[in-house]
Amino acid sequence: MARKVYLPNLPLVGEEGTWESITGTIKERILPQVELLGDGLFQANLRPLPIDASIVPIVSENWSRPRQDGTPQFVYLIAGHGLMLVEDKLLALTSGQGFYLPKGTLYAPYLMLGKQILLCDWLWFKIHPFGVVVLRSRLTPKAHYQSAHFIVAERRLADLFGEWERERSQPTFDKRLTKGLLLAFFGLLMRSLPFPPTENNWHNQELPLPLQNALTALHRAYNKPITLSQLAAHCGVTPAYLCRLFRRHLGVTPWRYLERLRLQVARYLLQETGLSVADVAFLAGFNDLRNFQRLFQREYGKTPSAIRRQKKARFAPVLRVWD
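Just so we're clear, the structure is a prediction, and the values are computed from it rather than from any experiment. (Residues numbered from 1 in each chain as written. Predicted model: local features only at pLDDT ≥ 70, side-chain atom pairs only at ≥ 80, totals over all residues. Heavy atoms only, no water.)

A. Fine view of the side chain of Q212. Position of Q212 among the secondary structure elements: in helix α4 (residues 209–220). Residue classification places Q212 among the buried positions, given a relative accessible area of 13%. (Helix = DSSP H or I, 4+ residues; strand = E, 2+ residues; numbered from the N terminus. Buried < 20%, exposed > 50% of the residue type's maximum accessible area, 1.4 Å probe, protein only.)

See below:
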């Protein structure tokens, strides 16, 4: 029996993975389409599942299984042809189409017909009580790519979505009202600032260009697995030289910088959202909960649960992850 080959999950560190690129897509494509189509932008017919359809193998068997999220979400296909499994049926979208997945929907984000993996580029908008988590993902025949998770802690977004969902649940809902609520939702999201920012203040400092590129890449993929070799190759230098740049100019190693960045994201999430400690650890890029708790307490002198019990910060802290 042939061994099953899984596609790697890699960070999307180019310009397309930035918050500016995502808000540009909202402004130039999603908002005009909502104005034209209203709710219709996120509606599509589900089809019977073809016999040769299967889930695209990514990372591992567990990662590739159908899932049920505890949050509702909008998905939007930026480019390509998107095939998804939704409640044991086929969802087939083309560029410029979207779909709404209610809370608890059983789905798998990527299907293939036979052995053909189609290129597709998605935006995911996951709605939480505290706001929205936004993610861009791209599937190619050779790899799967993801941007960082952009956390927008703006409760008005959750309120707008709640009003939209309640109106749509009515037997005869007002399409003008639901369209207006969607326009307000995506308009507010476009004007909001996420945490952490994809860019920081290092461009205003006299730092070597490879180091600036490394910092940008780490902020754009803070919660994704990335090796030192991948980071150095992205910056066009050797791993040893990149480490020397970090130590000389920032006083830390690349991984200590990334660890502090992830911990600051975790602290922000604990203060600003109601996510569980396990969900916070995952969103911040920690795969081992015990290791996350140990590192967090070492950094802040308190457990994640103790930080949560403190008075919530009203504003996002300024990121500075070196001494």
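B. Representation of the pattern of salt bridges in the model. Summed over the entire model, instances satisfying the criterion amount to 13 salt bridges. For R220, the salt bridge identified is with E15, shortest N-O distance 2.9 Å. Here E15 lies in the loop between β1 (9–11) and α1 (19–37) and R220 lies in helix α4, a separation of 205 residues in the sequence. Judged by relative accessible area, which is 7%, R220 ranks as buried. Among the residues examined, E15 registers a relative accessible area of 53% and is labelled exposed. A salt bridge links E154 to R156; the nearest nitrogen and oxygen atoms lie 3.0 Å apart. Each of E16, D121, R136 and R138 takes part in a single network of salt bridges with overlapping partners. (Salt bridge = Lys/Arg side-chain N within 4 Å of Asp/Glu carboxyl O.)

C. Local environment of the confidence of the model for the protein chain. Mean pLDDT over the protein chain: 90, with 93% of residues reaching 70 or higher. Predicted confidence for residues 311–323 stays below pLDDT 50, and this span has 33 contacts to residues more than four positions away or in other chains. (pLDDT = per-residue confidence, 0-100. Contact = heavy atoms within 4.5 Å.)

D. Structural view of the nonpolar core. Among the nonpolar cores identified, the biggest contains 44 residues, and I151, F246, V265 and F292 are the most heavily contacted of them. With 9 residues, the top contributor of residues to this core is helix α7 (residues 254–272). In this structure, F42, L160, F186 and L189 belong to the second largest nonpolar core, which totals 29 residues. (Core = buried A, V, L, I, M, F, W, Y, C linked by side-chain atoms within 4.5 Å.)

E. Spotlight on the packing of aromatic side chains. One pass over the structure, following the stated rule, counts 20 aromatic pairs. Between Y107 and W124, the ring centres sit 6.2 Å apart and the planes meet at 35°, which makes this aromatic pair tilted. Remark: W124 occurs in strand β9 (residues 120–128) and Y107 occurs in strand β7 (residues 106–108); sequence separation between them is 17 residues. With respect to burial, Y107 and W124 carry one shared label: buried. Taken together, the ring pairs in this structure connect F42, F74, Y100, F125, F161, W164, F185 and F186 into an aromatic cluster. In this structure, R67 packs its charged tip against the face of W63, placed 5.3 Å from the ring centre. Positioned above the aromatic ring of Y300 is the side chain of R267, whose terminal nitrogen or guanidinium carbon lies 4.6 Å from the ring centre. (Phe/Tyr/Trp six-rings, centres within 6.5 Å; stacked < 30°, edge-to-face > 60°. Lys NZ or Arg CZ within 6 Å of the ring centre and 35° of its normal.)

F. Here's a closer look at unusual backbone geometry. Here the phi dihedral of V59 falls at roughly 70°; this positive angle occurs in a residue that is not glycine. Along the polypeptide, V59 turns up in the loop between β2 (53–55) and β3 (67–68). Assessed through its relative accessible area of 40%, V59 is described here as partly exposed. Of note in the backbone geometry, D88 takes a positive phi value of approximately 65° without being a glycine.

G. Representation of the pairing of strand β4 (residues 73–86) within the structure. Among the 14 residues in β4, 11 count as buried, and that is most of the element. Inspection of the sheet shows β4 paired to strand β6 (residues 98–101) by 4 bridges, in the antiparallel sense. Opposite V75, over in β6, you have F99 as the bridge partner. By the bridge criterion, 7 bridges tie β4 to β9 in an arrangement that is antiparallel. Each bridged residue has a counterpart across the sheet, and for V75 the counterpart in β9 is W124. Strand direction decides the pairing type here: β4 and strand β5 (residues 89–94), joined by 6 bridges, are antiparallel. Paired with L83 across the two strands is A92, which belongs to β5. Counting the residues between successive antiparallel strands, the hairpin from β4 to β5 contains 2 residues, one of them, E87, with a positive phi of roughly 50°. Pairing between β4 and β7: 2 bridges, direction antiparallel. Bridged to L85 within β7 is A108. (Pairing = 2+ DSSP bridges.)

H. Structural view of the environment of F296. Summarising the element assignment, F296 is placed in helix α9 (residues 289–300). By relative accessible area, which is 0% here, F296 ends up buried. For the pair formed by F296 and E259, sequence separation is 37 residues and the distance between their alpha carbons is 9.7 Å. In this structure, F296 is in contact with L263, A266, R267, L270, G301, K302, T303, P304 and I307, ignoring residues within four places of it in sequence.

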